Amino acid sequence: MSADELIIEGARQNNLKGINLRLPHGKVIAVTGVSGSGKSSLAFDTVFAEGQWRFIESLSTYARLFLEKMDRPEVDSIENIRPAIALEQRNPVRSSRTNVGTLTEIYDFLRLIYAKAATPYCPRCGKEIRSWDPSGVRDELLSSYEGGKAIITFPTHLVADELRKRGFTRLWHGGAVIDIEDFEDLKDKPGPPFEVVLDRLVVSDEPRLSDSLETAFAEGGGRIRVIFIDGPSLVFTSRTECDRCGIELPEPTPLLFSFNHPVGACPECKGFGNILRYDEDLVVPDKHLSLSEGAVEPWEKPAARWWKGQMLDWARREGVNVDIPYRKLSRKQRRMLFEGGEGFLGINDFFEDLESIRYKLHVRVFLSRYRKGVTCPQCGGKRLQPGALQYKLSGLDISELTAYSVGDLKKFLGEMELSPFKRDVVKEALRQIGLKLDFLKRVGLDYLTLSREGKTLSGGEYQRINLSNQLASDLTGTLYVLDEPTVGLHKRDTDRISEIMGELSEAGNTVVVVEHDRGVIESADWIVELGPGGGHKGGEVVFSGPEEDFLKSEALTARYLRGEEESPLRKTRREPSGILLLRGASGNNLKNVDFELPLGTFTCVTGVSGSGKSSLVVETLYRGLSRQLRMNEGAPLPFKSLKGYEGLKAAKLIDHAPIGRSPRSNPVTYMKVFDHIRKLFAAQPEARSQNLSPGFFSFNVPGGRCETCKGEGYQKVEMYFFEDLFIKCEECGGRRYGREALKIRYRDKNIDDVLNMTVEEALGLFYDTPQVASRLALMKDVGLGYLRLGQPATTLSGGEAQRLKICAELGAGRVTDVVYVLDEPTVGLHMRDVASLLEVLNRLVDAGNTVLVIEHNLDVIRSADWVVDLGPEGGAAGGIILYGGVPEGLAKLRKSYTGRYLREVL
C-alpha cells in the first residue's frame, strides 16, 4: 500500500454503490459527472467527512463540544487520509456585523495601523492634534523661540498649603504672576483655573530648560503652558487633546477602531451603520388605495380595527376625504396621519404602543415588516464612535478607507504619507495586508470593497475569500475539498482558479474539486467521473485516471470536451412583443445606465465578475418592477424611471434558496403532487372500507403516521459529550407510517414504497394520472429524474432547488406575461443537463413569458435571443453596458471579454 495514495474501499454514502478508488496525493483531482451522479457524496460526505471526523476524534471531549458534529461516512475503509478542509459553495454569514474586511482579517491589521500610525484631528477646528513629551517641547521651543523670555506653568487642583509644602510660591492668573499668599483672596473670583508658575527663564540649550519641562509635565498630569513675555501663550499636552479647543480624543487602541466592540462602536447604531425606522412605503404599500379601502396596511388586521375606526372618525372631523387615493392627500394630511393630533392617535402612536409588548415573538415579527434600515444619523453609516473617526491616514478615516476596493486599497497603502519611523512601526502589518490583497486579486475578487457585508456575498464569492485565506495560511500536507470554485466567475477568471489550485498541490497538498467547468477539468492532474446517470442510476466510477487518458476515453464529459456532443442551438431568434425600459440605474457601481429588456424573449445578461449584473437585474429591475406591479419585494436600488410594464402580470425571482428548511419538506410536497398521491391511496377499496381520508396518509399530522417518531422515520438520541445519534425508529423501521397505513397498496406499492421511488420510477407507476404524471415529467425534463419523491428538502443543492421552482412554475398551468429572473441557473449542472435546462426555459418563453438570466455559461449565452454585456471590468471600473443585441454581434465586439470567448463557440 502506497502512502502517496488516498485509498477508498466500499464507499456507500447516499447513492454510491460500494465504489473503490485510489487517488494520488499532492495532485489536483477533478470529480465530475452528470447532476446527481454522486460527486458531492464522494467528495464531501465521504472524503471530507472522514478527514474531519478523524481530526475531531483526536481532540479532547471538551473541545468537541464547540465543533460541528459530523456523521461518519458509510465506507469500509479509507487509508492515508490527510486533515481535511472543505471550501463549500455556501455562504453561512447572517450577521450584518461581518464584512469582507473582517472575513479576510485585513480590517484587524488596519485597526493596528490606525492605532499606531494615524494622525488625530480636532473635530471642531480641524487642526492636527499632537501629543507632546518634554523632549518634543524642548525641540519646538529651541527651533522657534530660542532667546525668548518664558514662564513655564502647569494646571493645579491643590490648595495653597499643599503647594507651599511642595516648594511652589507663585501662580499665574489674569495675565500676571501673583504670590501664593494672595490665593485666599482670589479663590472665589470667576476666571480660568489657577496655574502654578514653575520657572521663569530664557529659552536656551541648557539643562535647566529640560529639567523644568519634565517637572512641569509630571506635576501637571501631562499638560503645561509656556507663556512668552510680550509673545504667544503655548499649550502642550501629552494627551490627545486640541490645545486650541480643549477637546480630548480617546487614546488610539485597536479596540477603538472595532465596530464589534462597545469601545469603538457608534453608540447610536451599536456598530451596524444603520438604524431601523418605520417606513411609509411599507406601512402604505399601495398608494392607489384610499384610507377607507385600507391604505394603512397594518390597520387592516382584525386586532387593529379600533385604530382604523378612530382614524376615519378623525378624518371626517378634520374634513379629510377618506375616499380619494392616499397619494392625493396633502403633505400636511399625511404627516398628521402619522403623528396624530388632538383626539386622534396616529400611526406612530400605534407602533409605539406595540413596542411596549415587543418581548412577544409574534409582535416582533409583525413590527419587522414595516421597518427599514436607514443610515445612522450620528456616524453617517461609518459604524464607529465619533472619536475613532478623527484619526486619519492621508486624510482618510478607517471607515472611508474600507470603502476602497481591494485593488484601490493596495495602491493607497503603497502611496500613503507616513514618516519613516511610523512606516517602520507598522511594516509587518502592511506586509500582511499586501499579501492578503494580492491573494484576493488572484481569485478574482479585486472589485470587492472591505466594507461589503458578508451576508451579501454570493456562495462563490464567499468560497473564493476562503480560498484566498488558505493561500495566505501556507499549509502543506492538507486535503482541500472544493465545491465548484468557478461559480459566479467569468470565463476570463476561471484560469486563475486553476493556477491557484495547482499552486496548492505543488506545495504538497491534495486538492479534490467538484467541477463542471471545462477549463478546470482540463487543467486537473487526475479526473474521476461518476455516473453513468443520476440518482439510483449513478454512484459508479465511470473513469478514474490521469487527465491525458481521460480526454481519450468514452466518458460523457470527455465527449463534450472533444466537441463530439454539444447543446443544440436555436436556428431563429424571437421577435420581442414589447420593450421594458429602465432608465438611470445608478445603484452600487452602475453608471446611470439605461437597460432595455425585450419582452417575450430569452435574454441573457453577462459580464465579468463584479461588473454590476446582479445590481442591475435583481436589485434594480426586478425589485423596481415588483414595486410597480404591487408585489412588494423590497426597495430597489436608485433609478429614474421604468416604462413598458403595463401589460405584465407579475415578476418572479427563481433563485437558489432552499425550497424548505425542514426535512419534512420534499419534492412531491413542494410540487403539490403528494396531495394527489394521497387521494389515490384513499380511493383504494380497502381504504374506503375503513373510511380513511387522504390526510390519513400524511406524515405531518396524526393519523396513519408512526406516532413514536412523529412521521420522521428516525429518533434522536442525545449523547451529550459525543455526537447526537439518529437511529431508525424501532416501531416503524424508518418507514414513517404505522402498520394500518402501510397495508394499503396502490398497484402493489404502499405509501413508503412510493416516497422511496425516483421520479423516473414514479412516472411508470402514475402514467395514467395526469395530475401526477405531468409534473413528474417536468422534473425529469429539467434533469431531476434521479430525485427520490420523499427526499428531504434540506439535502437538495441550490441548483436542484432552483430547477424545482422552474418546474413548479411550469406546472401551475398556462401562465403568460410574467418576467422570470434567474441568477446563474446552470450552477451545479453538467454540460448535458444545461441542454435540458435550456429546453425548459424556452418552454416558459414560448408560453408567452419573458426569461431574463444572469449567466457566464457560453452555451446559455449563445442560445439567447438577446444578450446584454456589462463591464468593461469589475467594481468601480464596471457598471457600463457595453453591448445589447444578438449573440453574434457580441462575438464581434473587441473590447468585450465575453465576446472573445463567445467567438470560440459560435
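Residues numbered from 1 in each chain as written. Predicted model: local features only at pLDDT ≥ 70, side-chain atom pairs only at ≥ 80, totals over all residues. Heavy atoms only, no water.

Caption draft 1: Summary view of the pairing of strand β20 (residues 578-585). As judged from the six bridges shared by β20 and strand β21 (residues 593-599), these two strands associate in the antiparallel manner. Across the sheet, the residue bridging to Gly-578 is Leu-599, located in β21. Note that β20 and strand β23 (residues 641-643) share three bridges and pair antiparallel. In the sheet register, Leu-581 faces β23, and the bridge partner there is Lys-643. (Pairing = 2+ DSSP bridges. Helix = DSSP H or I, 4+ residues; strand = E, 2+ residues; numbered from the N terminus.)

Caption draft 2: Up close: the packing of aromatic side chains. Counted under the stated rule, the structure contains 24 aromatic pairs. On the basis of an interplanar angle of 25° and a centroid distance of 6.1 Å, the ring pair of Trp-299 and Trp-307 is categorised as stacked. Between Phe-366 and Tyr-370, the aromatic rings sit 5.2 Å apart at their centres with planes inclined by 65°, giving edge-to-face as the arrangement. A single burial state applies to Phe-366 and to Tyr-370, both of which are buried. Cluster of aromatic residues (ring-pair linked, three or more members): Tyr-278, Trp-299, Trp-306, Trp-307, Phe-350, Phe-351, Phe-366 and Tyr-370. Over the face of the ring belonging to Phe-272 we find Arg-97, whose NZ or CZ atom lies 4.2 Å from the ring centre. (Phe/Tyr/Trp six-rings, centres within 6.5 Å; stacked < 30°, edge-to-face > 60°. Buried < 20%, exposed > 50% of the residue type's maximum accessible area, 1.4 Å probe, protein only. Lys NZ or Arg CZ within 6 Å of the ring centre and 35° of its normal.)

Caption draft 3: Just the layout of surface pockets, in detail. Taken as a whole, the second largest pocket holds about 760 Å³ of empty space. Lining the second largest pocket are 33 residues, and of these Lys-491, Asp-517, Arg-518, Asn-857 and Leu-858 sit closest to its centre. Mapped onto the lining of the second largest pocket, the elements with two or more residues apiece are α19 (491-506), α32 (831-846), α33 (858-863) and α35 (897-905). Here the residues of the lining of the second largest pocket are counted per class, giving 10 nonpolar, 11 polar and 12 charged. (1 Å grid on protein atoms, 1.4 Å probe; cavity = no way out; pocket = protein on both sides within 12 Å on 5 of 7 lines; lining within 4 Å. Points joined across faces, edges and corners; volume = space filled by probe spheres on them. Nonpolar A, V, L, I, M, F, W, Y, C, P; charged D, E, K, R; others polar.)

Caption draft 4: Broad picture of helix α4 (residues 106-117). For α4, which comprises 12 residues, the first-to-last C-alpha distance of 16 Å matches the rise-based estimate of 16 Å (1.5 Å per residue) to within 8%. Every buried residue belonging to α4 is among Ile-106, Tyr-107, Leu-110, Arg-111, Ile-113, Tyr-114, Ala-115 and Ala-117, and all of these are buried. (Expected span 1.5 Å × (residues − 1).)

Caption draft 5: Layout of empty space enclosed by the protein. Going through the model one piece at a time under the given rule, you end up with two cavities of 30 Å³ or more. Put simply, the second largest cavity is a space of about 30 Å³. Lining the second largest cavity, in full, are His-490, Gly-607, Val-608, Asp-869, Leu-870, Gly-871, Pro-872, Leu-882, Lys-895, Ser-896, Tyr-897 and Thr-898. Among the secondary structure elements, those contributing two or more residues to the lining of the second largest cavity are β29 (866-871) and α35. If one sorts the elements of the lining of the second largest cavity by residue count, β29 sits on top with three residues. For the lining of the second largest cavity, the class distribution of residues is five nonpolar, five polar and two charged.

Caption draft 6: Quick look at the pairing of strand β28 (residues 850-854). For β28, a buried count of five out of five residues is recorded, marking the element as mostly surrounded by other parts of the structure. Residues Thr-850, Leu-852 and Ile-854 point to one face of β28 and Val-851 and Val-853 to the other, with burial holding for every one of them. Across four bridges, strand β22 (residues 602-607) lies against β28 in parallel orientation. Bridging from a neighbouring strand, Phe-602 pairs with Val-851 of β28. Sheet topology note: the strand β27 (residues 818-823)/β28 ladder contains five bridges and is parallel. Across the sheet, Asp-823 pairs through a bridge with Ile-854, a residue of β28. Handedness of the crossover is the feature at issue here: the chain leaves β27, passes through α32, returns alongside β28, and the resulting connection is right-handed. (Right-handed = clockwise from strand over helix to strand, strands pointing away.)

Caption draft 7: Fine view of the pattern of salt bridges. For the structure shown, the criterion picks out 46 salt bridges. The partner of Arg-383 in a salt bridge is Glu-453, and the shortest N-O contact between them spans 3.9 Å. One end of the pair, Arg-383, is in the loop between β14 (371-375) and β15 (391-392); the other, Glu-453, is in the loop between α17 (427-442) and α18 (459-473), with 70 residues separating them in the sequence. Close ionic contact of Glu-888 with Arg-573 constitutes a salt bridge, the shortest N to O distance being 2.7 Å. In this pair, Glu-888 is assigned in helix α34 (residues 887-891) and Arg-573 in the loop between α22 (556-561) and β20, connecting sequence segments 315 residues apart. Exposure remark for Glu-888: the relative accessible area of 33% places this residue in the partly exposed category. Take Arg-573: its relative accessible area is 24%, and that puts it in the partly exposed class. (Salt bridge = Lys/Arg side-chain N within 4 Å of Asp/Glu carboxyl O.)

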